[in-house]
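Descriptive structure summary
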Amino acid sequence: MALQASFLPSALSVHKEGKSSSGVKDTAFLGISLSDHHKSDFSSASLRTKQRSFEQKKLSITRAQTTAVASPSINRATSEGKKTLRKGTVVITGASSGLGLATAKALADTGKWHIVMACRDFLKAERAAKSVGMAKDSYTVMHLDLASLDSVRQFVHNFRRSDMPLDVLVCNAAVYFPTAREPTFTADGFELSVGTNHLGHFLLARLLLDDLNKSDYPSKRLVIVGSITGNTNTLAGNVPPKANLGDLRGLAGGLTGLNSSAMIDGKDFDGAKAYKDSKVCNMLMMQEFHRRYHEETGISFTSLYPGCIATTGLFREHIPLFRLLFPPFQKFVTKGFVSEAESGKRLAQVVSDPSLTKSGVYWSWNKDSASFENQLSEEASDAEKARKVWEISEKLVGLA
Ligand code: LMG
Ligand code: NDP
Ligand code: PMR
């Protein structure tokens, strides 16, 4: 049995964080409890209204400069006169390898989705799509480098020009620098892992929210990939260095490594921790999106832990011995291993399965590959921290 699944429903995972619920189903929504929802909504309401009208104004200008967006009809008549759902359009960041590619493949194979592969390496993405046998008309590769805010804005511009609707956005791309001694930085001067995994995606998702909202697809979704290693209510999340955003002083300083730390908590640089911190931000942002926008837009905001996909490019910077031992360790010791294909099916479910539409949920799968609503750690479900990360992040990416 996967250790994560066996740990989480137990009292251990819950009590460690000082929470008092007993089962996964019961505790799954601690991070988005009704009281949190109202508190957050109330405290930031006026800020949001201002912000929204500003963004809407900006968006309408951009729209006016590009071709008018076609309004796709949901149901198209077939020759027999039956109505069928039109193809959905899903944007997947980092679809050139690993989980993103496997998800693109799984969705393409259904024939019900057009996949926009938002990738930093155009040729690699094209080759990857071909190598897994995706039909030529099932995907479009578009350039996106999440380590540059300009590139994120350019991607949004290009996507709008394509006239495709946006039905689902999947924030999947990530980098991990476990052996780096010194930080490296994005084009805008943010530490590279938080800059890419969190800030780049934050800007992308914020800008594309309006496009998602305009979609007439029956189930509009924003999926942000999270992970077990950012959740300290699990064994995996307790392997050092542990995720901890602290009081966010490094994030507030811009993660520059100059006058402020490159780490969110303001401490010394640690590449493995920076990755785990970025995943905490991803999971917090999913919930903050849910609190701010679900009711108003009907968009489902979700996150997931797809299982330990120990063979992906994520570990490319790790030492060769780790890359050799990690897959068998996960397969035979923790039993948390999943193949890329299996993980792709899981994320594809979160994109398109009618039973996984609930918003504000962090999905996981048990040993029989059945999905369940999982419990996030105390920090990864802290509504006040989520609000602060949101507000600091929007300043850093130029939205506030
Ligand atoms: C860090 O080390 C590096 O410092 C950092 O630079 C970066 O590279 C990072 O993640 C990458 O790794 C981490 C790691 C490296 O160190 C450890 O893992 C130390 C072991 C500490 C063990 C902690 C276990 C978790 C404790 C849980 C606490 C209980 C809380 C319960 C709460 C639950 C609530 C519900 O070191 C290693 O990875 C090597 C560790 C070797 C230990 C061997 C363990 C036996 C496993 C059997 C192994 C099979 C062989 C495969 C090994 C593959 C390597 C992963
Ligand atoms: P991969 O390295 O295989 O895939 C990551 C993808 O992100 C690649 O396509 C990569 O592009 C892309 N990417 C990296 N930097 C950028 C950038 N600046 N701009 C655009 N795209 C970029 O890793 P995984 O498939 O394992 O990771 C996918 C997601 O799954 C991540 O969010 C990760 O945190 C999460 N995850 C992974 C787990 C695992 O065990 N592997 C477990 C839990 C979660 P390129 O191909 O050009 O390098
Ligand atoms: Mg971890 C108990 C089960 C379990 C699971 C599901 C994972 C997933 N890991 C588990 C346990 C352990 N790991 C234990 C007991 C150890 C100590 C030997 C251990 C070590 C370890 C290392 C060094 N694990 C790692 C690393 C990494 O470099 C990976 C990482 O932290 O990346 C940030 C990693 C991972 N373990 C996982 C998963 C899913 C990862 C990788 C990626 C991620 O979270 O996205």
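In the block above lies the structure referred to throughout.
Just so you know, these numbers come straight off a predicted model, no measurement behind them. (Residues numbered from 1 in each chain as written. Chains lettered and ligands numbered in written order. Predicted model: local features only at pLDDT ≥ 70, side-chain atom pairs only at ≥ 80, totals over all residues. Heavy atoms only, no water.)

1. Topic: the site of ligand 2
- Every one of the 32 residues lining ligand 2 counts as a neighbour, but Ser96, Lys124, Asn172, Tyr275 and Thr312 are closest to it.
- Between ligand 2 and the protein, one listed contact pairs a nitrogen atom with a backbone N or O atom of Leu146 at 2.9 Å.
- Alone, ligand 2 offers 890 Å² of accessible surface; in the complex the protein occludes 97% of this.
- The set of elements that each furnish at least two residues to the shell around ligand 2 consists of helix H6 (98–110) and helix H11 (271–297).
- Of the residues belonging to the shell around ligand 2, the class tally is 15 nonpolar, eleven polar and six charged. (Near = heavy atom within 4 Å. Polar contact = N/O pair within 3.5 Å; in protein donor to acceptor, adjacent residues only side chain to side chain. Areas by Shrake-Rupley, 256 points an atom, 1.4 Å probe, with all protein chains shown as cover. Helix = DSSP H or I, 4+ residues; strand = E, 2+ residues; numbered from the N terminus. Nonpolar A, V, L, I, M, F, W, Y, C, P; charged D, E, K, R; others polar.)

2. Description of helix H9 (residues 192–214)
- End to end, H9 covers 32 Å across 23 residues, agreeing with the expected 33 Å (1.5 Å per residue, within 8%).
- The largest bend along H9 reaches roughly 40° and is located at Leu208. (Expected span 1.5 Å × (residues − 1). Bend = angle between axes of the 7 residues up to and from the residue.)

3. Points about the packing of aromatic side chains
- Under the definition given, this model contains 13 aromatic pairs.
- Geometrically, the ring pair formed by Phe155 and Phe159 is stacked, given 6.3 Å between the ring centres and 20° between the ring planes. Taken as a pair, Phe155 and Phe159 lie in helix H8 (residues 149–161) at a separation of four residues, close to a single helical turn.
- Residue classification places Phe159 among the buried residues on the basis of a relative accessible area of 1%.
- Taken together, a centroid distance of 4.4 Å and an interplanar angle of 25° make the contact between Phe322 and Phe326 stacked. Of the two residues, Phe322 and Phe326 are both situated in helix H12 (residues 320–334); the distance of four residues between them amounts to about one turn of the helix. (Phe/Tyr/Trp six-rings, centres within 6.5 Å; stacked < 30°, edge-to-face > 60°. Buried < 20%, exposed > 50% of the residue type's maximum accessible area, 1.4 Å probe, protein only.)

4. As for the pairing of strand E4 (residues 113–119)
- Counting buried positions along E4 gives seven out of seven residues, so the element sits mostly inside the fold.
- Here E4 shows no split at all, with Trp113, Ile115, Met117 and Cys119 on one side and His114, Val116 and Ala118 on the other all buried.
- In this structure, strand E3 (residues 88–93) lies alongside E4, joined through six bridges in parallel fashion. Bridged to Ile92 within E4 is Met117.
- Handedness of the crossover joining E3 and E4 through H6 is recorded here as right-handed.
- Inspection of the sheet shows E4 paired to strand E5 (residues 139–143) by five bridges, in the parallel sense. Within the sheet, the bridge partner assigned to Ala118 lies in E5 and is Met142.
- After leaving E4, the chain enters helix H7 (residues 122–131) and then returns to the sheet as E5, a path that is right-handed. (Pairing = 2+ DSSP bridges. Right-handed = clockwise from strand over helix to strand, strands pointing away.)

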